[in-house]
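# Structural features, examined
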Amino acid sequence: MATLADVARAAGVSKSTASRALAGHLVASGTRERVLAVARELDYVASPAAVSLATGKSGMIAAIVPACNTWFTGTLLDGIAEAALELDYDVVLYNLGELGTRRRRAFDHFQRRKHVDAVVSGNFALTADEIEQLREMQMPVAGVGEATDGIRTWCLDDVAAGRIATEHLIGLGHQEIHFVGGRRTTDRSLYAAEDARLRGYAAALAAAGLARPRELRLDPDFTSAYAAGREIFATSRRPRALYAATDDIALGLVLAARDTGLDVPSDVSVVGTDDQLLAGPFGLTTLRQRPAEQGSEIVRWLAGEIDHPTHRHSHTWVAPELVVRSTTAAPSER
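The model shown is predicted, which means the values in this text are computed figures rather than measured ones. (Residues numbered from 1 in each chain as written. Predicted model: local features only at pLDDT ≥ 70, side-chain atom pairs only at ≥ 80, totals over all residues. Heavy atoms only, no water.)

### Concerning the sheet that holds strand β1 (residues 60-65)
Working definition: the strands of a sheet are paired by backbone hydrogen bonds and lie parallel or antiparallel to each other. Operational definition: Strand pairing is defined by DSSP finding a minimum of two bridges between the two strands. Helix and strand assignments follow DSSP, with helices taken as H or I runs no shorter than four residues and strands as E runs no shorter than two, numbered in order from the N terminus. Axis definition: a line fit to C-alpha positions, over the contact stretch in the case of helices; interaxial angles, taken between N-to-C directions, run 0 to 180 degrees. Contact definition: two residues touch when any of their heavy atoms are within 4.5 Å.
Read across the open sheet, the six strands follow the order β2-β1-β3-β4-β5-β11; overall the sheet is parallel. Two strands lie at the open edges of the sheet, namely β2 (90-95) and β11 (315-318), each paired on one side alone. Between one strand axis and the next, the sheet turns through 15 degrees on average, direction left out of account. In this structure, β1 lies alongside β2, joined through six bridges in parallel fashion. In the sheet register, Ala 63 faces β2, and the bridge partner there is Leu 93. On top of the sheet, helix α13 (residues 291-307) reaches β1, β3 (118-122), β4 (141-144), β5 (152-156) and β11; it is set at about 170 degrees to β4, its chief contact.

### Focus on the pattern of salt bridges
Threshold: The term salt bridge refers to a pairing of a side-chain nitrogen on Lys or Arg with a carboxyl oxygen on Asp or Glu at a separation within 4 Å. Note on exposure labels: buried denotes an accessible area under 20% of the residue type's maximum, exposed denotes more than 50%, and partly exposed covers the range between, all computed with a 1.4 Å probe on protein chains only.
All chains considered together, the criterion is met by twelve salt bridges. As a salt-bridge pair, Glu 194 and Arg 217 come within 2.3 Å of each other at their nearest N and O atoms. Of this pair, Glu 194 sits in helix α9 (residues 192-207) while Arg 217 sits in strand β7 (residues 216-218), and the two are 23 residues apart along the sequence. Taking relative accessible area as the criterion, Arg 217 reaches 28% and is therefore assigned partly exposed. With its nearest N and O atoms 2.6 Å apart, the salt bridge here joins Arg 217 to Glu 215. A residue is classified by how much of its surface remains accessible, and Glu 215, at 25% relative accessible area, is partly exposed. Here the salt bridges share partners, and the residues they tie into one network are Asp 275, Arg 288, Arg 290, Glu 321 and Arg 325.

### Quick look at unusual backbone geometry
Put simply, Val 264 and Pro 265 share a cis peptide bond, and its omega is 25 degrees. Here Pro 265 shows up in the loop between α11 (247-259) and β9 (269-274). Notably, Asp 88 is not glycine yet its phi reads approximately 65 degrees, a positive angle. Here Asp 88 falls in the exposed class, since its relative accessible area comes to 68%. Despite not being glycine, Asp 275 has its phi angle at roughly 65 degrees, a positive value. Position of Asp 275 relative to the elements: it lies in the loop between β9 and α12 (279-282).

Purely geometric stuff here, so don't read any function into it on its own.
Here it is as structure tokens:
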């Protein structure tokens, strides 16, 4: 395997000049081109440690997420990884989970080691202490979620999503529309998006002069939603229209309704939020978001900030897109 000394010798320059040329530092253009050509010919790959010493940069971006086993986070990470590979960055993943020892230790870990050039916070609300820790690191930080002072953020317009979903059901003629969300038994910070969707739902009902029925709360995953749905649809006063905070919940409810002998959408209409992979095969009406595109855009912004800091922070609202499929229709007479 070729070394930096091999490249320098073949290019006729010193090791320090070769290192600067490979790192993109200021050297004569002819020298840089000669060094790069030799490096390609020798198939030279600089070690991360060498690059870090030469440039003061690690070539790594930290991605901190609440969980890796959800559709949104997995898709977001796909976009982050694809853009990072294209821009020649590595991604260090921190799976934080709920508030507690693991989450605190992860923040302490990458703050103490200082081995990343930027941080992206994915799909959960940061605490005040965590935000302060990120600011103290004095490196580019971007997040997916609510607008946060001092951090560049992207977020689906969740209020609009809740409003559009509810307006769709109202437009079909439904007058009693239930919101279905998750139980608050886990990290409260994970529910910022759901709370915003609930506000949009409530605003749409109020604008239409409709009463707000009681919310339905269940564990926010497909299996739990299916089990709860079997009980909900077995009651004599079952719901006729449901807006679910996520597609996981919505898909569980659709299958539960069908397995209890109900017709979807004649007997019950269901709208979700996400447009995840199974939404299409299930025929689920939903509000589409594109987390992979958000992840890619975030990494590109971070890469620009690493090379040419602007220290500008803003918030980008991502507009949801209503995708109407076969799980919603006008209420039947029966």
